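# Descriptive structure summary
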Amino acid sequence: MNYTTDDTIVALATPNGIGAIGVIRLSGPDAVQITQKVFKGKDLTKQASHTIHFGHIVDGDVILDEVLASLFIAPKSYTRENVVEISCHGSAYIIESVIKLLVKSGARPAQPGEFTLRAFLNGQMDLSQAEAVADLIAANSKSSQQAAMNQLRGGFSNQLKGLREQLVNFASLIELELDFSEEDVEFANRDQLKQLVVNILTILSKLIQSFELGNAIKQGINTVIAGRPNAGKSTLLNALLNEERAIVSDIAGTTRDTIEEILNINGVNFRLTDTAGIREATDTIEAIGVQKAYEKINQSAILIYVFDAVQTSLEDLNADLESLQRPDFPMLVVANKIDLLSEEQSENIPHSENMLKVSAKQKQHIEELKHKIYHTAIKGQLGGDETLVTNVRHLQALQKTEDALSKVLEGIDNPITSDFLATDIKQALHYLGEITGTVTTDDLLENIFSKFCIGK
Ligand code: GDP
């Protein structure tokens, strides 16, 4: 990783491959001068920020391309440095030639994430915002886009910065006590400190809890459809997806392996897996399928258990429910094939809050099922502007902060000397700072930015 910002970097900002246009980005003190060396048109060095100019990229006498050059003069740019974006025609040959030419003229090929790294180093954004850029680019649903956007706009870091500042205040008061340790004074009011720590711990615990949903939203919520063979699992999967994907057949045990599909409900992605039937297997391949089904069920965030409302006896139903039920594990029970039942028979099916009667084949009550799946997963946690933690690194730092603050609380309740208290508060400050990047190490930055693509 290169932490210098005194040279000018260049990279393709749009995806590799053929496109209508390709955007080459330069950032650094000489971005405009270097572009000017190969640009035939207006004198770019004399143009204002946020202007676009038509011209040619030339290599000696050879015209490589007709382009548009956009200028962003420091500090009014993504990196807070001079930035030029050259929109070329999207041919791999043209792009490669233009980048080579810019490198020959004094730019250096950028490393992965280096533009965003510079934005961070130049104070344009904090670390969690830089990470949000990566998340935003990777976002594939409305909810993951919103979580990333919220983080990018600083919702998360602002909350933490406020807390950190208050703690810093106390830390300095306690440091002051250390200077007067002979005199046994308390500048930092222990009741107020305790109140602050309790407040922070409450917020931390909420943020930590939000990770489960935040992460699920980022990855897609792992949802498994299970049930006995022929219950209609594949048909239900198709009905939910509204298309013919899984193989539907009359032969019990057809869905041998697992298939994963993405179902988007209200902007949240659910990763739906259809499993082989749960029942005694008659051959080895099927036994593997059944075993896989149970493994999948155990990893799922939500389980949709389907049974054939015509064929399934109450004993079998209860046996299945017992084998699947786990504490705190959301499970929806779906009675399928109600199109084959009379109204009276349908009424006789045992009813409960997490149960729904549907016909997968006739697509009856499928929208209600989607609604239930969504609400089971979200539990009212989405829709407001609460922060969702989506990043494992943040989660770990929050947990470490929580540990350190619990020690502070212990220290206040069972009075320890100011120097120990100061140490614990400093620990907490350190971990909080790791999230926003107030505290960084090269390893941490390397780890974060090396995962970016070149050009970001
Ligand atoms: P799986 O083994 O659980 O995946 O079951 P399938 O989805 O392959 O369905 C087994 C059989 O039940 C197929 O012939 C389906 O057409 C039929 N089936 C599935 N759902 C319904 C339904 O709601 N009503 C009726 N009448 N038949 C259904």
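None of the values given here were measured: they were computed from a predicted structure.

### Re the overall build of the protein
From N to C terminus, the protein includes 15 helices and 13 strands. Expressed as a percentage of the 456 residues in the protein, the buried residues total 39%. Partitioning the contacts of the protein with sequence separation of at least 6, the portion at a separation of at least 24 is 64%.

### A word on the sheet that holds strand 5 (residues 62-72)
Across the sheet, which stays open at both edges, the 7 strands sit in the order 3-4-5-6-2-1-7 with mixed pairing between neighbours. Each having just a single partner strand, strand 3 (39-41) and strand 7 (108-109) make up the two edges of the open sheet. Sheet topology note: the strand 1 (residues 9-12)/strand 7 ladder contains 2 bridges and is parallel. The residue of strand 7 that forms the bridge with Ile9 is Arg108. Its contacts with the sheet place helix 1 (residues 31-38) against strand 2 (19-27), strand 3, strand 4 (51-59), strand 5 and strand 6 (83-90), and it is angled at close to 35 degrees to strand 6.

### Examining the UniProt feature "binding site: Mg(2+)" (unreviewed entry) in the protein
Mapped onto the present numbering, the UniProt feature "binding site: Mg(2+)" (unreviewed entry) falls on Ser234 and Thr255. Summarising the element assignment, Ser234 is placed in helix 8 (residues 233-241). The class for Ser234 is buried, based on 22 C-beta atoms found within 10 Å.

### Let's talk about the pairing of strand 4
Pairing analysis gives 3 bridges linking strand 3 to strand 4, with the strands arranged antiparallel. When the bridges of strand 4 are listed, Gly41 appears paired with Gly55. Pairing geometry for strand 4 and strand 5, over 9 bridges, is antiparallel. Within the sheet, the bridge partner assigned to Ile52 lies in strand 5 and is Ser70. Between strand 4 and strand 5, which pair antiparallel and follow one another directly, the connecting turn spans 2 residues, one of which, Gly60, has a positive phi of 65 degrees.

### Topic: the environment of Ala428
In this fold, Ala428 is placed in helix 14 (residues 418-436). In this structure the C-alpha to C-alpha distance between Ala428 and Thr401, which are 27 residues apart in sequence, comes to 4.6 Å. Residues in contact with Ala428, not counting those within four places in the same chain, are Leu167, Thr401, Ala404, Leu405 and Val408.

The rules behind the values
Residue numbers run consecutively from 1 along every chain, following the written order of its sequence. Whole-chain, interface and lining totals are the exception, using all residues; otherwise, since this is a predicted model, local features are given only for residues with pLDDT of at least 70 and side-chain atom pairs are given and counted only at 80 or more. Strands here are runs of E lasting at least two residues and helices are runs of H or I lasting at least four, both read from the DSSP assignment and numbered beginning at the N terminus. Around each residue's C-beta, the other C-beta atoms within 10 Å are counted; 20 or more make the residue buried, 12 or fewer make it exposed, and counts in between make it partly exposed. All C-beta atoms are placed from the backbone. The contact criterion used here is simple: two residues whose C-beta atoms, placed from the backbone, lie within 7 Å are in contact. One bridge is not enough; two strands pair if DSSP finds at least two bridges between them. Fitting a line to C-alpha atoms yields each axis, with helices limited to the stretch in contact; the angle taken between N-to-C directions then spans 0 to 180 degrees. UniProt positions are given in the numbering used here, feature names are shortened, and annotations may be inferred rather than shown by experiment.

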